[in-house]
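One-letter residues, chain by chain:
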Amino acid sequence: MARFLLTSMPFTGHVVPMTAVAAQLVARGHDVRFYTGSRFRARVEAVGARLVPWRQAPDFDENDLAATFPRLIGKKGLRQLLTNMADCFIGTAPAQVADLAAEWERQPWDALAADETSVGAVLFRQRQGMPWATVAMLPLNLAGTQGPPSGLGIVPGTNPLTRTRDAALRALVPVISAPLRRPLAQAQRAVGLAPSSLTLEKVVFSPTLVVASGSTLLDYGRPDRPRHLRFVGELRRDSAAPARLPTWWPDLDGRTVVLVTQGTQNIDPEDLIRPALTALAEREPLVVATTGVPGRDELPFAVPSNARVAGFIPYAELLPRVDLVVTNGGWGGTLAALSHGIPLVVAGGDLDKPEVAARVGWSGAGIDLRTGTPTPAAVGAAVDRVLGTASFREAATRVGEQLRSLGGAPRAAELLERML
């Protein structure tokens, strides 16, 4: 038996896949602790792990980040991304280190597995020393020698002109990430470490093992990935508990079903849900819209007769009945849909969403709308094209087959064991 500490920033899209890994490690007889926000206690304990809650670190609400990080108010696009990274990921790191130091003093662990946004865990590991793996919950943001920097939503170049563009963008990474240099140096000093000259993405990824959700078909088939990278497909855990389904569930029988979702962040329904419902109001498919907040089963506007609304529906129950997903590009939801061979229409506007949209478009498994706030006309045209063109479903099927072949959470747990 080994003692593992797993860490995820307290976002549903990070905690859910990491609990799938925790469940597999527990099943293999290991002692597993999980450092994340206290509102995920039930989810962590349900897999047999022990919660180490954020105490000195601010235990924020992912649905209202601005309440804890007010500099996010009014920010969009790259400004939102950089502010989120500076204040939420880096700014909380010293307090995370304090929490982890207290837990280490109580009982050390043998190995650390941290998501790529757990800056505090990485700084603690640098200070304390222990085997460490990154479990990547987002589209892979590893620096490479080819292609553009990840996160910009730009497909790698295929000709001399676009490859030159990619090289120029790689050279600009230190400039683009300059607003993060000072917060990172301050966090390092605060925990007794010398500031590093490395950019953030080179700090947070383990140099010995990166276990990444996704697959090569969603990573542009890049040849410059390191040998210590292992893709494992979708990280999910099948629930043994029966799902509570909405009363309108039988309405799905015999219908073409379109799922519209904005995930659990940036959940203003005006961005995507409203234009999607407007676009599909007079069409044949039944539309299922999820608000992203459990229990919030209504929208703040009237919905068409062919729409059904729920706060949350277990994907294991819903996705086998879905023909197309319209999404803002949450990585976990995108992987879940593609694992079922479902094509997508992606409206990726902020954070990592444009990158997800670009990868889906490159794979052929869907359409990248290139905006997070599309018009009803744009959504309707994309839905018609995807439902009417067999190549999108064929590509989604290929991606799904690859994702399922990579081993998922059991493979991730195996790789973490081998690290020891």
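Structure first, text after, so check above.
These lines cover the structure that appears in this document, whether it is placed above or below. (Residues numbered from 1 in each chain as written. Predicted model: local features only at pLDDT ≥ 70, side-chain atom pairs only at ≥ 80, totals over all residues. Heavy atoms only, no water.)

### Some remarks on the packing of helix 11 (residues 273–280) against helix 15 (residues 376–388)
Here helix 11 crosses helix 15 at 60 degrees, and the two axes come no closer than 8 Å. Classified by the angle between their axes, helix 11 and helix 15 sit oblique to one another. As helix 11 packs across helix 15, the resulting crossing turns out to be right-handed. Taken together, the residues of helix 15 that come into contact with helix 11 (itself represented by Pro275, Ala276, Thr278, Ala279 and Leu280) are Pro376, Val379, Gly380 and Val383. (Axes fitted to C-alpha atoms, helices over the stretch in contact; angles between N-to-C directions. Helix = DSSP H or I, 4+ residues; strand = E, 2+ residues; numbered from the N terminus. Parallel < 35°, antiparallel > 145°, perpendicular 65-115°, else oblique. Left-handed = near helix turned anticlockwise from the far one by under 90°. Contact = heavy atoms within 4.5 Å.)

### Brief notes about helix 1 (residues 12–27)
With 16 residues, helix 1 extends 22 Å from end C-alpha to end C-alpha; this agrees with the ideal 22 Å at 1.5 Å per step. Along helix 1, the positions that sit buried rather than exposed are Thr12, His14, Val15, Pro17, Met18, Thr19, Ala20, Val21, Ala22, Ala23 and Leu25. Among the structural elements, strand 1 (3–7), strand 2 (31–36), helix 2 (41–46), strand 4 (111–114), strand 5 (132–136) and helix 17 (408–419) are those in contact with the buried residues of helix 1. Taken from the residues just after helix 1, Gly29 is the one with a positive phi, measuring 95 degrees. (Expected span 1.5 Å × (residues − 1). Buried < 20%, exposed > 50% of the residue type's maximum accessible area, 1.4 Å probe, protein only.)

### Digging into unusual backbone geometry
Look at Tyr220: it is not a glycine, yet its phi comes out positive at around 65 degrees. Following the sequence through the fold, Tyr220 ends up in the loop between strand 6 (210–212) and strand 7 (229–231).

### Structural notes on the sheet that holds strand 8 (residues 257–261)
Strand order in the open sheet formed by six strands is 10-9-8-11-12-13, with parallel pairing between adjacent strands. Only two strands of the sheet have a single neighbouring strand rather than two, namely strand 10 (307–310) and strand 13 (366–368). On average, each strand axis in the sheet is tilted by 15 degrees relative to the strand beside it, whichever way the strands run. By the bridge criterion, five bridges tie strand 8 to strand 9 (residues 286–290) in an arrangement that is parallel. Considered in strand 9, the bridge of Val257 is made with Leu286. Its contacts with the sheet put helix 11 on strand 8, strand 9, strand 10 and strand 11 (324–327), and the angle it makes with strand 9 is roughly 170 degrees. (Pairing = 2+ DSSP bridges.)

### Comments concerning the pattern of salt bridges
Tallied over the entire structure, the rule returns 23 salt bridges. Where Arg222 meets Asp224, a salt bridge forms, and the shortest distance between an N and an O atom there is 2.8 Å. Under the relative-accessibility criterion, Arg222 is labelled buried at 13%. Looking at Asp224, the relative accessible area reads 14%, which means it is buried. (Salt bridge = Lys/Arg side-chain N within 4 Å of Asp/Glu carboxyl O.)

### Quick look at the nonpolar core
Grouped together as the largest cluster of nonpolar side chains are 48 residues, with contacts concentrated most on Phe60, Trp109, Leu112, Val119, Leu123, Leu140 and Leu200. At six residues, helix 4 (residues 77–90) tops the list of elements feeding residues into this core. Apart from residues lying up to four places away in sequence, Leu200 is in contact with Met85, Ile90, Val119, Leu180 and Leu184. Counting residues in hydrophobic clusters, the runner-up holds 32 residues, among them Ala20, Val232, Ala412 and Ala413. (Core = buried A, V, L, I, M, F, W, Y, C linked by side-chain atoms within 4.5 Å.)

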